Structures are given as structure tokens and as C-alpha cells.
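What follows is each chain in one-letter form.
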There are 2 protein chains.
Amino acid sequence: MTRGATETRPSEARQRLLSTATQIFYADGIHSVGVDRIIADAKVTRATFYRHFPSKDDLVVTYLQEVHQMERAAFTAAIAAHSTAADSLLAIAEAIAANIRTAGFRGCAFLNAAAEFPDVNHPVHQQIIAHRQWFLDTLTTLMAQVAEDSSDAAARHFVMLRDGAMAAGCLFDPALVVDTFLRGVEGLVRIHGQRESASAA
Amino acid sequence: MTRGATETRPSEARQRLLSTATQIFYADGIHSVGVDRIIADAKVTRATFYRHFPSKDDLVVTYLQEVHQMERAAFTAAIAAHSTAADSLLAIAEAIAANIRTAGFRGCAFLNAAAEFPDVNHPVHQQIIAHRQWFLDTLTTLMAQVAEDSSDAAARHFVMLRDGAMAAGCLFDPALVVDTFLRGVEGLVRIHGQRESASAA
DNA sequence: TAGCGGGGAGAACGTTCGGTCTGAAACGCT
DNA sequence: AGCGTTTCAGACCGAACGTTCTCCCCGCTA
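Residues numbered from 1 in each chain as written. Chains lettered and ligands numbered in written order. Predicted model: local features only at pLDDT ≥ 70, side-chain atom pairs only at ≥ 80, totals over all residues. Heavy atoms only, no water.

For the rest of this paragraph, the subject is the overall build of chain A. A count of helices and strands for chain A gives 9 helices and 0 strands. Beginning at the N terminus, the succession of helices and strands in chain A can be written as α-α-α-α-α-α-α-α-α. When the backbone C-alpha atoms are referred to their principal axes, chain A occupies close to 65 × 35 × 35 Å. Expressed as a percentage of its 201 residues, the buried residues of chain A come to 50%. (Helix = DSSP H or I, 4+ residues; strand = E, 2+ residues; numbered from the N terminus. Buried < 20%, exposed > 50% of the residue type's maximum accessible area, 1.4 Å probe, protein only.)

It is worth spelling out the nonpolar core at this point. F158(A), F181(A), F158(B) and F181(B) are the most contacted members of the largest nonpolar core, which totals 132 residues. Residues contacting F181(B), with those up to four places away along its chain left out, are M160(A), A93(B), I96(B), F158(B), L161(B), R162(B) and A165(B). (Core = buried A, V, L, I, M, F, W, Y, C linked by side-chain atoms within 4.5 Å. Contact = heavy atoms within 4.5 Å.)

Okay, the packing of aromatic side chains next. Evaluated as defined, the whole model comprises 14 aromatic pairs over all chains. An angle of 40° between the planes, with centres 5.6 Å apart, marks the rings of F75(A) and F135(A) as tilted. Of the two residues, F75(A) sits in helix α4 (residues 56–80) while F135(A) sits in helix α7 (residues 123–146), which places them 60 residues apart along the sequence. The exposure class assigned to F75(A) is buried, which follows from its relative accessible area of 7%. Through a chain of ring-to-ring contacts, the aromatic side chains of F49(A), Y50(A) and F53(A) assemble into a single cluster. If you follow R162(A) out to its NZ or CZ, it ends over the ring of F135(A), 5.2 Å from the centre. Its end group placed over the ring of F172(A), R132(B) keeps NZ or CZ at 5.1 Å from the ring centre. (Phe/Tyr/Trp six-rings, centres within 6.5 Å; stacked < 30°, edge-to-face > 60°. Lys NZ or Arg CZ within 6 Å of the ring centre and 35° of its normal.)

Moving on: the relation of the copies chain A and chain B. Between the two copies, chain A and chain B, the superposition gives an RMSD of 0.1 Å; the rotation angle is 180° and the shift along the axis is 0.0 Å. What the rotation and shift describe, once combined, is the action of a two-fold rotation axis. Ranked by how close their C-alpha atoms come to the rotation axis, the residues of chain A are headed by G164(A), at 2.0 Å. (Least-squares fit on C-alpha atoms with pLDDT ≥ 70 in both.)

The subject of this paragraph is the side chain of R106(A). Looking at where R106(A) falls in the secondary structure, it is placed in the loop between α5 (85–101) and α6 (109–116). One buried charged residue, R106(A), forms no salt bridge at all, with the nearest opposite charge on D28(A) at 6.7 Å. Not counting the four nearest positions on each side in its chain, R106(A) is found in contact with Y26(A), A27(A), N112(A), C170(A), A114(B), A115(B) and P118(B). (Lys, Arg positive; Asp, Glu negative; His and termini not counted. Salt bridge = Lys/Arg side-chain N within 4 Å of Asp/Glu carboxyl O.)

Around DNA strand D, a shell composed of 19 residues is seen, among which V35(A), R46(A), K56(A), R51(B) and H52(B) lie nearest. Among the atoms of DNA strand D lying within 4 Å of the protein, the sugar-phosphate backbone contributes 50%. Contact distances for DNA strand D include 3.1 Å between a phosphate oxygen and a side-chain N or O atom of Y50(A). One nitrogen or oxygen atom from the side chain of T48(B) is found 3.0 Å from a phosphate oxygen belonging to DNA strand D. Mapped by element, the contributors of at least two residues to the surface near DNA strand D are α2 (35–41) and α3 (46–52) of chain A together with α3 (46–52) of chain B. (Near = heavy atom within 4 Å. Polar contact = N/O pair within 3.5 Å; in protein donor to acceptor, adjacent residues only side chain to side chain.)

These results come straight from atomic positions and should not be treated as a statement about function.
Encoded structure:
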């Protein structure tokens, strides 16, 4: 126990707090869980919590940033593992599908948060908008390599399928949702790829 | 003021309470608005509220039933106004699009509620499931008249596009969301219609 | 060894939550 | 007139909310 010296700097308690909050907020929602439960599960006292986070809202923002980083990492890895943009898009779709199939899947953390924070000026809402913009931009860039002329519409179509799949994934049979989603994405990539090769010919 | 005689029977206060709750819950979420605000906006006292609704949860369930009835009425009208199933499907899509374009659009009341009530056994959650099942069944019936062999998959695809459009409608430019949605539905109906006529030939 | 300071512990703050209770006006009905 | 229901008005409850407070321990440097 006396080894801890340099690794204490990012604060072990803070990390415990954040990972606990991430689990609970995602599983049970945000407004319906209080600070009490989070600090109890993280085995931390109130004062410690408020030393690391100015308010509960700040914790929520940090929670969404955490999820954003994880998704970003997963998608970057999926893109890096494939040589063509079409393969990358299908890999991203497969990553989303795998997420939906996960036990304890509770939908998109950002869409769920948006339902609880309608105020557009609220920091949490802006975090959601920023995440979605990043996601759309990433897809648009990839789509541009598959179908240059219709990349915007194709990327929006992809996002729409994803949003629907993420929303329904915990309200319907996940297997059927994933099936519908993957078929939709495959059709999307195929059609736009065909259109591109046709216009290039 | 002495004209009121027979229309008081379904309780004017109760109706005022319900319509107020419908507006507020949809606009601002459920957990973040208290009973105090609803009774204040409805100009009703606490005792009156608890005379008509055993608890806040009951009001939430009734709120969702109210929205369900409105959607049901709108879709039934859209279906009745067209002779072919394909036209009915497009009319339903247009009704959804019109909803998204509405000022003050805040997404799907049921998807938003699902984000706040993750517990599957909760009456509110079951109300959501029931509504979605009705919606899917309605679409499946219509799709069966367009593409008999693939009606299930086509209906699920339609629902997925709708869910995505409803979720994104208040997070992106509604015009672009509606555009993407309608293109998707048109493609869906066209493709399944073609497949049907091809297999029939 | 003395002293400093950040992090942890836990009591306590005032407010708001959902929900109950009393008591008295205002109404429709027979 | 008399009855029953509905509504109003508001005090009240215990619990939970987000937040702040003081105290103390522990590892650091001088």
C-alpha cells in the first residue's frame, strides 16, 4: 500500500467517482440518481466529491466527455483496421451492432441525456450537440471516399439509422434491431458505392 | 359563468391538469418537473391533483396515454384518407415530418420517457413498449399490402428511420432531418414495392 | 521534529420533493 | 332546504435533493 506516490496525482478517488457515475448515469438516468448514491457506490464522501467536481452538472458533463472519448477510440480503431472507407463504415456499423447486443445496453448515452436536458443553452446539451457533430463529420469524411457527390446525405442517412437502432435497441428485441440496422447500412453503402462507380464510368 | 352544467362531468380541473402536464412533461422532461409546478400552471391545488391522480407516476402514465391517443387518431386519419397502402405509408411519413417541423418539437414523447424510466417493470416503461408495439403492428399491416413477403423487415426499417428522425429532429437542423427521413421512406416503399411486383410477375 | 497543505470523513445546511390532512366555500341534484 | 361532491387554501410530513461546513489524518518539506 505504500507504493502509491506518483500515480496518486490524477486522484484515485476522482477516477473512482467518474467510473461509478458513468455506470450509474448510463444505467439509471441522470436526474433520478442523486449525489448520495454515486458517492456511496464510489465509497467516497461528499466533501471529496465536491473537491473534484464543482457541481453535479459538472460531473454529468465529464461523464459525457468520458463516453465520447471511449466511442472516439473505438471508431478510430475500427477505421484504422481497414484499408478502404467502405470497409471502415461497415466496421463502425458492426461496432455499433456489438454495442447494442451487449447485456445491459441502455441506448445512446447522448440521446438519453438529451431527453433529460432539453435546454439548448445548458452545458450538457451543448456537449451532446458537439458529440453528434463530431460523429456526423467522421461519417461524412468516410462517405466522401465512397460516394463523393452524395456524402452529406449518405452520412445523415447512416446517422439516422444509428440513432433509430440505438433508441430501439433496449425497447425491442436487440437481435432484430441489429439485423435491420446492418441491412440498412449495407444497402446504404452499396447503393452509394454503385452510384459513385456509375458516375465515374 | 353560469352556463357550465353538463360539461363539468369529466372534471374540468382534471382536464386542465392533464393538458398542462402534457405540455410541461413533453417540453421539459418528467423527473425534472415537480408536482408543484404542474398544479401551479394548471391553477389547481394539491388536494385537487391527488383527488384525480393517485400519484405522480399515474399522471405520467395518463400523459403517455394521451399522446398515444393523439398519434393514433392522426395515423388513422392519414390511412383513411388514402386508397392504397403505399400512399398511406407516405402520408404517415409526411405526418411525422410535419411533426418534426413543428416549432417546439422536442422529439418522441415515448423515447424521451424511456430515457427517464429504464426499469422494464415500471408502468411507464410498459406503456412505452405497448405504444411501440401498436406502431410496429400498424406499419406491418400496411407494409404487407405493399410487399407481402418482406413486410416485417420493411416495417422495422420504417420504425428505425422514424426513431432516428424523431431523436435527431431537435438536435440537428429539422429541415435536413426531415429531408433524409422522407428520402429514406420513399426509397423503402419503392424498393419493397418493386420486389413485390417482380416476384408477382 | 515541527509544520504545512491537500484529501478524506461525516455532520449539517436550507430547499424541494412527492404525498397527506383539515376545513371551509361553491356547486348540482332530489 | 338539504345533501354530496368538487374545489380551494394552505399547513404539514418525512425523505431526499444539491451543497457547504468543520475536523482530522497523512505524507510532504525544512
